[in-house]
Amino acid sequence: MTEALAPVVAAGRMSRSAQPSFVLRGRMQLHPWQGSDALVLAESCLDPDIQQWNRPGRLTVDEAQEKIARWRGRWHSEKAAIWAVAPGDGGAAVGLIGLADLDLRGGSGEFLYWLLPAGRGGGVMVDATVRISRWAFEELGLHRLRITHSVANPASCRVATRAGFRLEGTMRSALLHADGWHDEHLHARVQDDPWPS
């Protein structure tokens, strides 16, 4: 009988530590979502682009509070790591980025992200994606990260490409949106891929 492969990342590596915050260029930061961010989270569900590409449904402020609490629980159960994208001066969050579908044993995770109009156009999501990728590879120890998005969403494609995620292919009719089934691009990077300049 062959010996089972050891986990890529040992169980408990995430949950034993507090979720970190990060400083980005342009006086922006990433921090774990807090109860005080619930109003922004609820309002984000009204943005047409976020509704189209992320399918969050509608949230009341109380439901947003509950969702933020679930995200904290998912950090401790090592299933996801979700951050708010916000001005470094303590202003309201303008976006979300995170890794979901975390498989520490297999060494992988999938990005999710969105920005409100106030955060779009300045490159903050590219910076955030690179920063979280560095944390996932260099500190957590994952081996492979992926980004999937509708082929009809060029903004997400630009973020993935500029953050160094190679386009690996198109998954046909892979995700149901409000307007029907969408083909999706699959982008990925592995631990030893070069970082974007």
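Residues numbered from 1 in each chain as written. Predicted model: local features only at pLDDT ≥ 70, side-chain atom pairs only at ≥ 80, totals over all residues. Heavy atoms only, no water.

Now for the environment of Gln29. Position of Gln29 relative to the elements: it lies in strand β2 (residues 28-32). Residues Gln29 and Gly90 lie 61 residues apart in sequence; the distance between their C-alpha atoms is 9.1 Å. Beyond its immediate stretch of four places on either side in the chain, Gln29 contacts Phe22, Val23, Leu24, Ala84, Val85, Ala86, Pro87 and Gly88. Reaching out from Gln29, the side chain makes a polar contact with the backbone oxygen of Pro87 at a distance of 3.3 Å. (Helix = DSSP H or I, 4+ residues; strand = E, 2+ residues; numbered from the N terminus. Contact = heavy atoms within 4.5 Å. Polar contact = N/O pair within 3.5 Å; in protein donor to acceptor, adjacent residues only side chain to side chain.)

As a further point, take unusual backbone geometry. Phi at Glu78 is positive, roughly 60°, even though this residue is not glycine. Structurally, the position occupied by Glu78 is in the loop between α3 (61-76) and β3 (81-87). Residue Ser173 is not a glycine yet carries a positive backbone phi of 45°. Position of Ser173 among the secondary structure elements: in strand β7 (residues 166-177).

A few words on the side chain of Asp47. Relative to the helices and strands, Asp47 is located in the loop between α1 (38-44) and α2 (48-54). Among the polar contacts made by the side chain of Asp47, one reaches the main-chain amide nitrogen of Asp49 at a distance of 3.1 Å. In contact with Asp47, other than residues within four places in its own chain, are Leu116, Pro117 and Arg120.

Pairs may arise between side chains of opposite charge once their charged atoms sit close together. Taken as a whole and judged by the stated rule, the model has 9 salt bridges. Across the salt bridge formed by Asp127 and Arg25, the nearest N and O atoms sit 2.4 Å from each other. Note that Asp127 is positioned in helix α4 (residues 124-140) and Arg25 in the loop between β1 (22-24) and β2, a separation of 102 residues in sequence. By relative accessible area, which is 17% here, Asp127 ends up buried. Residue Arg25 is classed as exposed on the basis of its relative accessible area, which comes to 63%. Ionic pairing is found between Arg146 and Glu110, a salt bridge with its closest N-O pair at 3.2 Å. (Salt bridge = Lys/Arg side-chain N within 4 Å of Asp/Glu carboxyl O. Buried < 20%, exposed > 50% of the residue type's maximum accessible area, 1.4 Å probe, protein only.)

Our next topic: the environment of Trp71. Note that Trp71 resides in helix α3. Overall, the relative accessible area of 15% leaves Trp71 in the buried class. With residues near it in sequence (within four places) discarded, Trp71 still touches Trp33, Leu41, Ile82 and Leu96.

Further remarks concern the pairing of strand β4 (residues 95-103). Judged by how many residues are buried, β4 sits mostly within the fold: 7 of 9 residues are covered. Where β3 meets β4, 5 bridges bridge the pair, whose relative direction is antiparallel. Residue pairing for β4: Trp83 is matched across the bridge by Ile97. Linking two consecutive strands that pair antiparallel, namely β4 and strand β5 (residues 108-115), is a turn of 4 residues; a positive phi of about 80° is found at Gly107 within it. (Pairing = 2+ DSSP bridges.)

Let us look at the pairing of β5. Both faces of the sheet carry side chains from a regular strand, because those side chains alternate between them. Judged by how many residues are buried, β5 sits mostly within the fold: 7 of 8 residues are covered. Where β4 meets β5, 7 bridges bridge the pair, whose relative direction is antiparallel. Following the sheet pairing, Ile97 is matched in β5 by Tyr113. As paired strands, β5 and strand β6 (residues 144-150) are joined by 3 bridges and run parallel to one another. Opposite Glu110, over in β6, you have Arg146 as the bridge partner. Where the polypeptide runs from β5 across α4 and back to β6, its parallel neighbour, the crossover connection is right-handed. (Right-handed = clockwise from strand over helix to strand, strands pointing away.)

What follows is about the confidence of the model for the protein. Confidence along the protein averages 94 in pLDDT terms, with 98% of residues attaining 70 or more. Mean pLDDT across the elements of the protein ranges from a minimum in α2, with 88, to a maximum in α4, with 98. (pLDDT = per-residue confidence, 0-100.)

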